[in-house]
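Residue-level structure breakdown
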Amino acid sequence: MKNKAINHLKKDTVDSLKNSKTKLPNYLAAGGIVLGSTIAGISSVNAANVGNGATHDELGAIAFIFNTAAKDLTITTNNATNPDVTTVGVGAISDNATTGDLIIASQSTDDAGFIVTIASVIMDAANTVGANAITDANNALGDMTVTFSGAYKHTGALTITSAETTDSETLTVNFDGLATLIAASNLVADNTGSVNAVFSAAAIFTAGIDLKQGATGTSTLTFDGASAQAIGGVINGQADNMGTIAVTNAGKVTFAAAIGGINDVKNITVGTTSDDSSALFSAAVNAQTITVQGGEAAVEDSVAEFDSAVTGAVVLTHGTLGDATIDFVGIGAIIALTSTITTTSTAGDKTFVRVYDAGGGAAAVQTFSGAIGTSTNRIGTLQVGGTTTDGGSGNFNADVAVTNLNIAAGVESGELSLAAFAGNVNATTITLTSTSATINATLEMDGASVKTLSGTVDGAVVNTGVLKITGAGKVVDGVVGGTLDLLLVDLDALTTFNKAVSTKGLNLANGTLSHVKGDLTLGASNGVLNDATAQLFISGTGDQTITGELTGATAETGIVDVTNAGGTVTFASKLGDTQELKEVELNAGSKSVFNSTVKTALLDMVGTAEGVFTTKASVANQITLAATATMIIDDTIVTTDELFTGGAAQVDNNIAGTDNIKMPVNLDNGQSIVLLAGTTDAADAAIIIDVQAAVMDTALKTYTVSAVSAGNNDEQITITAADRTAAGVGTVLGATTNVGLPKYNSHENLP
């Protein structure tokens, strides 16, 4: 042994331990309780002088002081006694001299784990660096444990090393009090052994701490306090992807400095399967994997909060009942996360990703580069804004798969919330919570490629929330506003709605084409088509109902185009009433029913389109009717009604075909309706010929087309009904007068 100025255990103490080595672990464990409670009271007042160097290898707790510069205090085991001494107690260690070294080491000949308890370490004389080396020797049997019961402060480098090359044992160093590591410090486990430095109170790594590990051993920093802990100083891997940070604290651990800024750490874990924890990372974090683990009880919810940029794959693992949550709360625009967020669960619940600006005011944009969830392992809830009273803003550049997507505005005027998605969004329910008509929650689909938004989209209350599409080729595959209408659907790029849409307002931007394949219900703000090339296709494959007004932004803007060839499209409300549309186009194979007025510069019926018109006083500057298309004037139109006005653009051949305008059956002999008013004098003759050919006579009635002048270039294309004679009815039916007479008398409308 080295310098023996420090007494060994007394002989009677040693003799009392000779009975059986098998009893030693239990004895020492019990003794350790006493040791831990009494050593803290052993101060440096009566401390032994390290002198020119000393070795302490005894159970008795003795305080030490360095009075001579550049000397060593070695704390180790004693294998010269029987039994060996592998539990050592030390009182307070301090220094009056500079550059003292504190060495704590097991020996390769140890046949039991080394346990050391030290009351405190304050070695900061003149701030002149010494060193503190804690080493578990190769081939020493059992785990090694060092506990600093009180404060720890050392100006020198702390190096904690497992030298094991064959065994997988662990060297644990417990810092129960405030720990201040002033010089650069290191955890080293580069072979088979592992190192775990456990901090139960505040800790400061003034010059940082590095974690080194090999293929099998691990270097771990554990933070397990019973209350809040503040951690200062940077933490790095000795090389990329080395070391673990484990947060098992019962309160919250706050990390003030960067983690992995020079070399990534391998793992960060928050919480355990049996208990919850929480951590706040105030600076940038770089880790290979970040795991948040929920606990076993319902109240054991683990949370990891990040104020700055994060690099690393995040894994959320809920416990038996406890949730796993990760919060991104940055107050500046950052790349919040450059990798993925996944969960080990296929249940799609009890895992949360929350994005909000903890500073209040206008939310800073936080960008997420990687996917969130998968189609088989959904994240339970993605929440943007509304976690507190603050708004949130997130750009999600890859696919998102969640059960619940919630976007909620804050409470102040600037605290709007926005979630913008460049990838596919696969959600079950999507809820948008606006605070007011101006403090909105918005879901935006951006990006240049075709992507799909799945899941129902609703306001939290009626007429709240904005769905905005700015990236072309987006498909909305869920019902929108089916439970509670949105405030606005804002379309700035090509969008296809596969299911029903219900919203207070819809805005179709300049030059934008979009498709609605389900029912469309519009509220008081209408559906506004903003320029002459903004085109809304009604393109389902079954029956569709359009309720609420589709209108231009200004006169003669917007195109409503019915391409549905598999069902009947019913327009239950006015079209173009606020501002006249540029065009209403009914395409081949479509069947449309207009239960209110239509106001459009052009009504275009092409191919085999069929249009049923039930309401007078519509406006069409021009009507084009293909030879194979059909216009049906409903029986709700009665004598003297004007079906369309404003026909100044009508010209020859706009109406083509034979017998493809079907009249109402309720016109008596001599009664008439105006098909189109406002035509020009020059065009009248040709229009009359076109309409006369197109109007379909019946077995009971014939119809005559004429122009009735209402002023210069204000002609009314009028259709007048005339009853056939009984003989005429019989002739049409290919029968005698006796057959035609009862048909005539019954006014049955026959072909």
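Residues numbered from 1 in each chain as written. Predicted model: local features only at pLDDT ≥ 70, side-chain atom pairs only at ≥ 80, totals over all residues. Heavy atoms only, no water.

1. Brief notes about the overall build of the protein chain
What counts, and what does not: Helix and strand assignments come from DSSP, with helices taken as H or I runs of at least 4 residues and strands as E runs of at least 2, each series counted from the N terminus. To sort residues, take the accessible area from a 1.4 Å probe on protein chains only and compare it with the maximum for the residue type: under 20% means buried, over 50% means exposed, and anything in between is partly exposed. Between two residues, a contact is recorded if the distance between any of their heavy atoms is within 4.5 Å. Note that accessible areas follow from Shrake-Rupley with a 1.4 Å probe, and for residues the cover is restricted to the protein chains shown.
A tally of regular secondary structure across the protein chain gives five helices and 62 strands. The dimensions of the protein chain, computed from C-alpha atoms along their principal axes, are 140 × 45 × 35 Å. Among the 751 residues that make up the protein chain, the fraction classed as buried is 53%. Contacts in the protein chain between residues far apart in sequence, at least 24 positions, make up 65% of those at least 6 positions apart. Here the protein chain has roughly 26900 Å² of accessible surface; of this, 53% comes from carbon and sulfur atoms.

2. As for helix α3 (residues 681-694)
Where we set the bar: Multiplying one less than the number of residues by 1.5 Å gives the expected span of a helix. One axis is fitted to the seven residues ending at the residue and one to the seven starting there. The bend at that residue is the angle between these axes.
Between its first and last C-alpha atoms α3 spans 20 Å; for 14 residues at 1.5 Å apiece the expected length is 20 Å, and the two agree. Largest kink in α3: about 30°, centred on I687. All of the buried residues in α3 are A683, D684, I687, D690, V691 and A694. Each element contacted by the buried residues of α3 is listed here: β59 (661-662), β60 (672-679), β61 (701-709) and β62 (715-723).

3. Quick look at unusual backbone geometry
Omega for the bond connecting N82 with P83 falls within 30 degrees of zero, at 5°, which places this linkage in the cis form. Examined against the element boundaries, P83 turns out to sit in the loop between β4 (72-76) and β5 (87-95). Its identity as a non-glycine residue notwithstanding, K350 has a phi of 65°, on the positive side. Considering the arrangement of structural elements, one finds K350 in the loop between β30 (341-343) and β31 (351-355).

4. Observations regarding the pairing of strand β32 (residues 365-368)
Keep this limit in mind: At least two DSSP bridges between two strands are needed for those strands to be called paired.
Here strand β29 (residues 334-337) pairs with β32 via three bridges, running parallel. Bridge pairing links I334 to Q366 in β32. In this sheet, strand β34 (residues 393-396) lies alongside β32 in parallel orientation, the contact comprising four bridges. Among the inter-strand pairings, F368 is bridged to a residue of β34, identified as F396.

5. Description of the nonpolar core
To be explicit about the condition: Note on terminology: a nonpolar core comprises buried Ala, Val, Leu, Ile, Met, Phe, Trp, Tyr and Cys residues joined through side-chain atoms within 4.5 Å.
Counting residues in each nonpolar core, the largest one holds 151 residues, and the members touching the most others are I75, I93, I104, F255, F328 and M631. Residues contacting M631, with those up to four places away along its chain left out, are L603, M605, G611, F613, I623, L625, F644, N660, I661, K662 and L675.

6. Some remarks on the pattern of salt bridges
Stated formally: Salt-bridge detection follows one rule: a side-chain nitrogen of Lys or Arg within 4 Å of a carboxyl oxygen of Asp or Glu.
Across all of its chains, the model carries 13 salt bridges by this definition. Between K252 and E305 there is a salt bridge, with the nearest N and O atoms lying 2.8 Å from each other. Of the two residues, K252 is situated in strand β22 (residues 252-255) and E305 in strand β26 (residues 302-306); the sequence distance between them amounts to 53 residues. Judged by relative accessible area, which is 14%, E305 ranks as buried. Between K574 and D577 there is a salt bridge; the shortest N-O distance is 3.8 Å. For K574, a relative accessible area of 38% translates into the label partly exposed. One connected set of salt bridges, linked through shared partners, spans K468, D490 and D492.

7. Points about the environment of V353
Structurally, the position occupied by V353 is in strand β31. Taking the relative accessible area as the measure of exposure, V353 reaches 0% and is therefore buried. Beyond its immediate sequence surroundings of up to four residues, V353 is in contact with L316, I326, F328, I341, I379, T381, L382 and Q383.

8. Considerations on the environment of G91
Here G91 lies in strand β5. G91 sits in the buried class, given a relative accessible area of 0%. Taking C-alpha positions, G91 is 68 Å from K468, a pair spaced 377 residues apart along the chain.

9. A closer look at the confidence of the model for the protein chain
Convention followed: Note: pLDDT gives the predictor's confidence per residue, expressed from 0 to 100.
Confidence in the prediction of the protein chain, expressed as mean pLDDT, is 91, and 92% of residues score 70 or more. Under a pLDDT of 50 for its full length, residues 1-41 has, in the predicted model, 56 contacts with residues more than four places off or in other chains.

10. Here we look at the sheet that holds strand β17 (residues 209-213)
Applied cut-off: Every axis in this analysis is a line fitted to C-alpha atoms, fitted for helices over the stretch in contact. Angles between the N-to-C directions lie between 0 and 180 degrees.
Overall, parallel pairing links the eight strands, which are arranged β2-β4-β6-β8-β11-β14-β17-β20 in an open sheet. A single partner strand is all that each edge strand has here, and the edge strands are β2 (54-56) and β20 (235-237). Recorded for the sheet is a direction-independent mean angle of 15° between the axes of neighbouring strands. In this structure, β4 lies alongside strand β6 (residues 101-105), joined through five bridges in parallel fashion. When the bridges of β6 are listed, L73 appears paired with L102.

11. Focus: the environment of T702
Structurally, T702 is set in strand β61. Residues T702 and I719, 17 residues apart in the sequence, show an inter-C-alpha distance of 9.9 Å.

12. Quick word on the packing of aromatic side chains
Two measures describe an aromatic ring pair: the distance that separates the ring centres and the angle between the ring planes. For the record, the criterion: Two rings from Phe, Tyr or Trp (for Trp, the six-membered ring) form a pair when their centres are within 6.5 Å of each other. A pair whose planes differ by under 30 degrees is stacked, one over 60 is edge-to-face, and the rest are tilted.
Scanning all chains against the criterion turns up 16 aromatic pairs. The interplanar angle of 90° and the centroid separation of 5.1 Å between the aromatic rings of F223 and F255 together place this pair among those described as edge-to-face. With F223 in strand β18 (residues 219-223) and F255 in strand β22, this pair connects stretches of sequence that are 32 residues apart. For the pair formed by F223 and F255, the shared burial category is buried. Ring centres 5.5 Å apart and planes at 75° place the aromatic pair F613 and F644 in the edge-to-face group. On the criterion of sequence distance, the pair formed by F613 in strand β55 (residues 610-613) and F644 in strand β58 (residues 642-645) is long-range, its members being 31 residues apart.

13. Considerations on the pairing of strand β33 (residues 379-384)
Within a regular beta strand, the side chains point alternately toward one face of the sheet and then the other, so they alternate between its two faces. Most of β33 is tucked away, with six of its six residues classed as buried. Pairing between β31 and β33: four bridges, direction parallel. Looking at the pairing, V355 lines up with V384 of β33. Direction of pairing for β33 relative to strand β35 (residues 400-408): parallel, over a ladder of five bridges. By the bridge assignment, I379 is partnered in β35 with V402.

14. Brief notes about the side chain of Q229
Counted only if it meets this: Under the rule applied, a polar contact is a pair of N or O atoms within 3.5 Å (in protein, one hydrogen donor and one hydrogen acceptor; residues adjacent in sequence only if both atoms are side-chain atoms).
Turning to its location among the elements, Q229 is positioned in strand β19 (residues 229-232). In terms of polar contacts, Q229 uses its side chain to reach the side chain of N249, at 2.5 Å. Discounting chain neighbours no more than four positions away, the residues touching Q229 are F199, S200, A201, F223, D224, N249, K252, V253 and T254.

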